[in-house]
Amino acid sequence: MVSTWDAQLVDLVKKIHFEKTIAPRNLWDFLGYSGTVGAALFITQFCTGLMLLFHYSPDETRAFSSTIALKNNWPFGTLFSNMHAIGAKLVVCIIFIHMFRILYFSAYRGHKSNQWFSGMIMLTIILAFGFTGYILPWSQQSYWASIIGIEAFKTVPVIGDLLSWALTAGQGSSVVILFRIYFIHCIILPVAAAYILFLHIKQVRLTRITAPPEMYASVDLDRCLGCGLCSEGCTFEAIILRGAGDEKRPEIKTKWCNGCRACMENCPQGCIELVSDKGKLLREPSFPHGAVHRASAILAAYLLFFTCVYFLYPFILSDKAPADPLQTPGNLKPDWYFLAPYQVLILMPSKRLGLMILSALYMLLFSWPLIDRRGQRNPDNRIFFVPAVKTGIVAFMVFTFWGWLS
Amino acid sequence: MRLFFVMILLLGCSVCHADSRLTLLNDNCVRCHLTCERNGKPNSVLLWKKSVHYTSNSGCADCHGGNRYLDLKFNKGHIGLPDKRESEQMCGQCHQYEYEQMAKRNLKGILNGSKCSVSCIDCHGHHNIEPSTVHCINAGNCSRCHSPDHANDLIGTIRLADSKLKSLKKQIQKRIRKRYPAASSIADLEKLNYEFKAVFHEITMKELSKVIRSQTLVSATKLQTAIDDTKPTNWYVQGACVILFLSLCFVLTLYLSKVL
């Protein structure tokens with residue numbers, strides 16, 4: 001008699017192998033694995049963060065020296081420290097690529113809108129990780145970044161002073177703020193991130209990876225029974241049933257089709273598939289084909305990561321000096337992902353106005369699935385949206401570069 | 001093509017608006033004070049334009065209060081021209097630690113029976129504020145209160161300590177370029193720099209020379225010995241092994257994806 005766990009294991013392997021996923025057609029499609037790469041790097045950050053946590057001291061007088069002691073006295077101390085610092089910069093870059101790809105493919109509509117919201121919350125958590133992690137070493141950059149951060153919080157309407165008080169207990173930048181930032185970075189944010197990441201990945205598993213935007217559903221009318229299950233399952237009202245009785249057949253409005261494959265799942269005959277002008281949707285087993293492709297993407301990211309950690313770190317990580325309240329550094333800049341908003345704030349006549357504009361942009365991005373609910377997905381046919389996204393990306397890069405130069 | 005024009009537009013804007021300090025020059029304070037001179041004294045705005053406050057975007061209202069775009073009346077926060085004691089509090093709004101150090105120093109002086117106390121503007125000036133380096137201590141500034149001989153002796157000690165610290169910094173940077181472990185040396189040097197700067201605000205002139213010789217120069221010698229004793233690591237060999245291993249794995253996955 002076969003034991004239960006053997007049978008379950010065989011069932012699981014069969015399920016994973018026969019479960020189909022979308023195959024990459026070219027190098028650009030490998031950007032579709034940016035979410036997986038981001039998650040892998042995030043786990044790396046968690047592991048290296050644990051290593052640093054064992055040696056870090058959240059005391060104003062000992063914080064900096066504890067980071068130095070880690071590098072000098074412990075095996076692989078410099079490696080973990082560099083990995084954590086450079087990983088933080090890289091994970092934000094990968095998450096931005098992931099987010100802009102979702103935006104470009106309009107993969108946030110319908111039942112995928114919850115993924116977009118959880119993804120935006122995840123992005124906010126990662127940016128908060130970056131800000132709080134920057135302060136923890138209590139170096140010159142950290143100390144003055146905390147002063148600028150507190151001043152920025154004060155300009156938030158209504159709750160600004162409360163936020164500032166919560167971080168400093170009204171004492172200015174001091175050991176109180178360092179311990180609170182440590183608590184936020186090491187307890188609150190990891191717990192929140194773990195929960196939101198779990199929700200996000202669960203939603204992705206339920207709703208499946210989005211098909212390329214030029215794909216739309218197509219019915220093989222010869223095999224179709226006219227049951228109408230495809231129309232019932234379509235949340236974008238892209239399938240209309242024409243005819244009556246046994247002659248009922250579905251007609252697909254390609255401009256409304258979002259490529260979610262709900263109709264394919266519902267069809268008992270399997271006569272619906274995704275097609276485009278360039279051919280059918282390519283699919284492959286999740287294991288081992290999909291797993292090998294994901295591993296390639298993760299390894300490529302790790303190659304870049306470790307090249308930066310071992311060989312390029314002097315150009316990426318600035319020489320750290322302990323916090324010196326008597327000396328304001330001449331070239332004080334935030335981390336790269338805050339350079340664009342920083343430059344916008346410098347250009348505005350008032351900090352409050354600048355923060356309001358940035359907040360409005362963030363809220364617009366957050367609530368975009370509520371604004372763009374359905375319609376054309378093919379980027380070639382979207383004459384306003386795609387140029388606006390590209391302009392946003394270019395503007396972000398220009399402001400980042402400008403902030404780096406100024 | 002559209003993207004190209006958008007980029008050109010954004011870059012073109014930066015031709016005039018690259019320097020956000022242009023907004024400072026259009027404010028109400030500058031418009032009047034740029035053209036008036038009082039009692040033959042140098043123009044404050046022109047002095048401020050050469051100062052470190054100008055390069056760090058600190059304008060008139062940051063020290064003298066008021067709102068430079070809207071209202072300059074006294075009842076809106078503009079405090080006008082402060083006296084010497086008020087000027088210390090004005091500096092202390094941003095430079096809080098230095099203000100506390102100076103207050104301790106002046107209190108110590110008063111307790112020791114001294115009748116005079118030095119304020120921020122005595123060494124750093126008021127509108128033509130330069131970056132704080134040891135060159136603020138010069139015969140011109142010091143001799144206003146102290147004898148030239150005493151000033152020269154003190155300046156010599158200070159310059160010796162400063163040049164020693166700069167030499168240590170260059171040696172450490174050279175070692176970093178050669179991939180020697182230098183993290184603790186950097187930390188020790190910065191701590192030494194911090195203590196060296198703190199003494200100027202904390203200690204009276206009488207004790208300054210003695211403290212620099214007994215603490216700063218002795219610590220600098222110990223740090224020099226520590227730097228000379230450091231040895232290079234095998235960091236690059238380790239890095240090459242990791243990159244090689246990852247490259248092999250990557251090539252393997254590419255081969256598998258072709259085969260499958």
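Fair warning: this is a prediction, and the values are worked out from it, not measured in the lab. (Residues numbered from 1 in each chain as written. Chains lettered and ligands numbered in written order. Predicted model: local features only at pLDDT ≥ 70, side-chain atom pairs only at ≥ 80, totals over all residues. Heavy atoms only, no water.)

Some thoughts on the overall build of chain B
Okay, so step 1: Of the regular secondary structure elements, chain B holds 14 helices and 0 strands.
Okay, so step 2: Helices (α) and strands (β) of chain B occur, in sequence order from the N terminus, as α-α-α-α-α-α-α-α-α-α-α-α-α-α.
Okay, so step 3: For chain B, the residues scored as buried account for 31% of the 260 residues in total.
Okay, so step 4: In chain B, once contacts between residues fewer than 6 apart in sequence are set aside, the share between residues at least 24 apart is 63%.
Okay, so step 5: For chain B, the computed accessible surface area is about 16,900 Å², with 61% contributed by carbon and sulfur atoms. (Helix = DSSP H or I, 4+ residues; strand = E, 2+ residues; numbered from the N terminus. Buried < 20%, exposed > 50% of the residue type's maximum accessible area, 1.4 Å probe, protein only. Contact = heavy atoms within 4.5 Å. Areas by Shrake-Rupley, 256 points an atom, 1.4 Å probe, with all protein chains shown as cover.)

Thoughts on the pairing of strand S3 (residues 239-242) of chain A
Residues and elements named next belong to chain A.
Okay, so step 1: Sheet analysis places S3 next to strand S4 (residues 249-252), joined by 4 bridges and oriented antiparallel. Its bridge partner lying in S4, Arg242 is registered against Arg249.
Okay, so step 2: The hairpin turn running from S3 into S4, its antiparallel successor, is 6 residues long, and Gly243 in that turn takes a positive phi close to 95°. (Pairing = 2+ DSSP bridges.)

Regarding the sheet that holds strand S2 (residues 216-219) of chain A
Residues and elements named next belong to chain A.
Okay, so step 1: Strand order in the open sheet formed by 3 strands is S2-S5-S6, with antiparallel pairing between adjacent strands. Each of the sheet's edge strands pairs with one partner strand only, and the pair in question is S2 and strand S6 (279-280).
Okay, so step 2: Here strand S5 (residues 272-276) pairs with S6 via 2 bridges, running antiparallel. When the sheet's bridge partners are listed, Ser276 is paired in S6 with Gly279.

Structural notes on the interface of chain B and chain A
It is common to give the size of an interface as the accessible area that goes away when the parts come together.
Okay, so step 1: On the chain A side, the residues contacting the 39 residues of chain B number 45 residues.
Okay, so step 2: At the boundary of chain B with chain A, the tally comes to 0 salt bridges.
Okay, so step 3: Applying the counting criterion to the chain B and chain A interface returns 3 residue pairs in polar contact (both at pLDDT 80 or more).
Okay, so step 4: Listed by contribution, the elements that provide at least two residues to the side of chain B that touches chain A are helix H1 (2-17), helix H8 (96-111), helix H12 (183-202) and helix H14 (235-259) of chain B.
Okay, so step 5: Broken down by element, the residue count for the side of chain B that touches chain A peaks at 15 residues, all from H14 of chain B. (Salt bridge = Lys/Arg side-chain N within 4 Å of Asp/Glu carboxyl O. Polar contact = N/O pair within 3.5 Å; in protein donor to acceptor, adjacent residues only side chain to side chain.)

Concerning the side chain of Thr44 of chain A
Residues and elements named next belong to chain A.
Okay, so step 1: Topologically, Thr44 is positioned in helix H2 (residues 34-53).
Okay, so step 2: For Thr44, a relative accessible area of 11% translates into the label buried.
Okay, so step 3: A polar atom in the side chain of Thr44 sits 2.3 Å from the side chain of Tyr302.
Okay, so step 4: The residues contacting Thr44, other than those within four sequence positions of it, are Met83, Tyr302 and Phe305.

What to know about the layout of surface pockets
Residues and elements named next belong to chain A.
Okay, so step 1: If you add up the space inside the second largest pocket, you get close to 1,200 Å³.
Okay, so step 2: Along the walls of the second largest pocket sit 44 residues, with Thr36, Val204, Arg205, Ile209 and Arg294 positioned nearest its centre.
Okay, so step 3: With 7 residues, helix H5 (residues 113-135) is the largest single contributor of residues to the lining of the second largest pocket.
Okay, so step 4: Here the lining of the second largest pocket is composed, by residue class, of 22 nonpolar, 13 polar and 9 charged. (1 Å grid on protein atoms, 1.4 Å probe; cavity = no way out; pocket = protein on both sides within 12 Å on 5 of 7 lines; lining within 4 Å. Points joined across faces, edges and corners; volume = space filled by probe spheres on them. Nonpolar A, V, L, I, M, F, W, Y, C, P; charged D, E, K, R; others polar.)

Some thoughts on empty space enclosed by the protein
The gaps left among the atoms become clear once a water-sized probe is rolled over them.
Residues and elements named next belong to chain A.
Okay, so step 1: On inspection of all chains with the given rule, the structure shows 4 cavities of 30 Å³ or more.
Okay, so step 2: Each pocket or cavity is described by its volume, and for the largest cavity that value is around 180 Å³.
Okay, so step 3: Residue lining of the largest cavity: 14 residues in total, with Ile22, Asp29, Gly32, Arg101 and Ile209 positioned closest to the centre.
Okay, so step 4: The space that makes up the second largest cavity amounts to roughly 80 Å³.
Okay, so step 5: Surrounding the second largest cavity, 14 residues form its lining, Cys224, Cys227, Cys230, Cys267 and Cys271 being those nearest its centre.
Okay, so step 6: When its residues are assigned to classes, the lining of the second largest cavity shows 11 nonpolar, 3 polar and no charged.

Brief notes about the side chain of Thr67 of chain A
Residue and element names in this part refer to chain A.
Okay, so step 1: Mapped onto the secondary structure, Thr67 falls in helix H3 (residues 63-73).
Okay, so step 2: A polar side-chain atom of Thr67 sits 2.6 Å from the main-chain carbonyl oxygen of Phe64.
Okay, so step 3: In contact with Thr67, not counting residues within four places along its chain, are Tyr56 and Pro137.

Thoughts on the packing of helix H13 (residues 339-347) of chain A against helix H14 (residues 351-366) of chain A
All names here are of chain A.
Okay, so step 1: Packing of H13 against H14 leaves a shortest axis separation of 8 Å and a crossing angle of 140°. The angle between H13 and H14 places the two elements in the oblique class. Note that H13 runs across H14; the crossing there is right-handed. Residues Pro341, Val344 and Leu345 of H13 form the contact with H14, whose participating residues are Lys351, Gly354, Leu355 and Leu358. (Axes fitted to C-alpha atoms, helices over the stretch in contact; angles between N-to-C directions. Parallel < 35°, antiparallel > 145°, perpendicular 65-115°, else oblique. Left-handed = near helix turned anticlockwise from the far one by under 90°.)

Some details on helix H16 (residues 385-405) of chain A
Okay, so step 1: Between the first and last C-alpha of H16 of chain A there are 30 Å, a value that for 21 residues agrees with the 30 Å anticipated at 1.5 Å per step.
Okay, so step 2: Within the sequence span of H16 of chain A, burial applies to Phe385, Val386, Val389, Val394, Ala395, Val398, Phe399, Thr400, Trp402 and Gly403 of chain A. (Expected span 1.5 Å × (residues − 1).)

Brief notes about the environment of Thr221 of chain B
All names here are of chain B.
Okay, so step 1: With respect to the helices and strands, the residue Thr221 is situated in helix H13 (residues 205-229).
Okay, so step 2: Taking relative accessible area as the criterion, Thr221 reaches 46% and is therefore assigned partly exposed.
Okay, so step 3: Each C-alpha atom of the pair Thr221 and Lys164 lies 9.0 Å from the other, and the pair is 57 residues apart in sequence.
Okay, so step 4: Here Leu217 takes part through its backbone oxygen, which lies 2.9 Å from a polar atom of the side chain of Thr221.

Points about a nonpolar patch on the surface
All names here are of chain A.
Okay, so step 1: Together, Leu353, Ile357, Leu361, Leu364, Leu370 and Ile371 make up a nonpolar patch on the protein surface, roughly 520 Å² of accessible area in all.
Okay, so step 2: Every element with two or more residues in the nonpolar patch is listed here: H14 and helix H15 (368-371).
Okay, so step 3: With 4 residues, H14 is the largest single contributor of residues to the nonpolar patch.
Okay, so step 4: Along the polypeptide, Leu370 turns up in helix H15. (Patch = residues over 30% accessible without salt bridge, like charges linked within 9 Å, V, L, I, M, F, W, Y side chains within 5 Å.)

Let's talk about the nonpolar core
Okay, so step 1: Of all hydrophobic cores here, the largest spans 46 residues; its most connected members are Leu41, Trp116, Ile126, Phe305, Phe306 and Val309 of chain A.
Okay, so step 2: Elements with a contribution of two residues or more to this core: H2, helix H4 (77-104), H5, helix H8 (175-207), helix H11 (286-310) and H16 of chain A together with H14 of chain B.
Okay, so step 3: Beyond its immediate stretch of four places on either side in the chain, Phe305 of chain A contacts Leu41, Thr44, Met83, Ile86, Gly87 and Leu90 of chain A.
Okay, so step 4: Counting residues in each nonpolar core, the second largest holds 25 residues, with Leu168, Ile172, Ile212 and Ala220 of chain B among its members. (Core = buried A, V, L, I, M, F, W, Y, C linked by side-chain atoms within 4.5 Å.)

A few points about unusual backbone geometry
Residue and element names in this part refer to chain A.
Okay, so step 1: You will see that Ser106, though not glycine, has its phi angle at about 55°, which is positive.
Okay, so step 2: Along the polypeptide, Ser106 turns up in the loop between H4 and H5.
Okay, so step 3: Positive phi outside glycine occurs at Glu237, with the angle close to 55°.

Topic: H4 of chain A
Okay, so step 1: Look at H4 of chain A: 40 Å from first C-alpha to last across 28 residues, which is about the 40 Å you get at 1.5 Å a residue.
Okay, so step 2: Of all the bends in H4 of chain A, the largest measures some 30° and sits at Gly87 of chain A. (Bend = angle between axes of the 7 residues up to and from the residue.)

None of the figures reported here should be taken as evidence of function without further support.
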